[in-house]
Amino acid sequence: PTLVRSAGWYRDGEARVFYQDTTLGPDFFRLLDQPVSLVVFGDLTIADGVSEDVMREKVTSVVLFGDATAPPPLVAMLQVLATDMFGEIRAADGTGS
């Protein structure tokens, strides 16, 4: 594991670090050459059109310093990928984690 600002851990591999609220859609994941850890200092939104298979293939872990919103089928996937989370994971339809 690799330490992130002395407060969170992500799994091996390249990290993509976002320092603001971020929305990631299908094109972001399609363009990744290799699996990454997502480190987000803000709120994370996973847009419609991102599949569970894509998340499994492209994301090794998520470190979240904010809330996450995702299509309902991806809520459990984000929960599994979250190695450290300082916020809530909610479905885009408003249901909580």
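Here, the structure is the one placed above.
Residues take numbers from 1 onward in each chain, read along the sequence in its written order. Only residues with pLDDT of 70 or above have their local features reported here, since the model is predicted, and side-chain atom pairs are shown and tallied only from 80 upward, although totals for entire chains, interfaces and linings are computed over all residues. Side-chain figures throughout are based on the complete set of non-hydrogen atoms in the structure, without hydrogens or water.

Thoughts on the pattern of salt bridges
And then number 1: Within this document, salt bridges are pairs made up of a side-chain nitrogen of Lys or Arg and a carboxyl oxygen of Asp or Glu, the two lying within 4 Å of each other. Tallied over the full model, the rule gives five salt bridges.
And then number 2: Between E14 and R16 there is a salt bridge, and its shortest N-O distance comes to 3.0 Å.
And then number 3: When accessible area is computed with a 1.4 Å probe and restricted to protein chains, residues below 20% of their type maximum are described as buried, those above 50% as exposed, and intermediate ones as partly exposed. Residue R16 is classed as partly exposed on the basis of its relative accessible area, which comes to 32%.
And then number 4: Note that E52 is salt-bridged to R56, the shortest N-O span being 3.0 Å. With E52 and R56 both in helix α2 (residues 52-58) and four residues apart, the pair spans about one turn of that helix.
And then number 5: For R56, a relative accessible area of 55% corresponds to the exposed category. Only DSSP runs of H or I reaching four residues or more are called helices, and only runs of E reaching two or more are called strands; each is numbered from the N terminus.

Notes on the packing of aromatic side chains
And then number 1: Each Phe, Tyr or Trp ring (for Trp, its six-membered ring) is paired with any other whose centre lies within 6.5 Å, and the angle between the two planes then decides the class: stacked below 30 degrees, edge-to-face above 60, tilted in between. Throughout the structure, instances matching the rule amount to five aromatic pairs.
And then number 2: Judged by centre distance (5.1 Å) and plane angle (85°), the ring pair of F28 and F29 falls under edge-to-face.
And then number 3: By relative accessible area, F28 is classed as partly exposed at 21%.
And then number 4: Seen from their ring centres, F65 and F86 are 4.9 Å apart, and the 10° between their planes marks the pair as stacked.

Thoughts on the sheet that holds strand β8 (residues 68-70)
And then number 1: At least two DSSP bridges between two strands are needed for those strands to be called paired. The strand order β4-β6-β8-β10 describes an open sheet built from four strands, whose pairing is parallel. At either end of the open sheet lies a strand with only one pairing partner, and these are β4 (22-24) and β10 (89-91). Taken over all neighbouring pairs, the strand axes of this sheet differ in orientation by 20° on average, direction set aside.
And then number 2: As judged from the two bridges shared by strand β6 (residues 44-46) and β8, these two strands associate in the parallel manner. Between the N-to-C directions of two axes lies an angle of 0 to 180 degrees, each axis being a line fitted to C-alpha atoms and, for a helix, fitted only over the stretch in contact.

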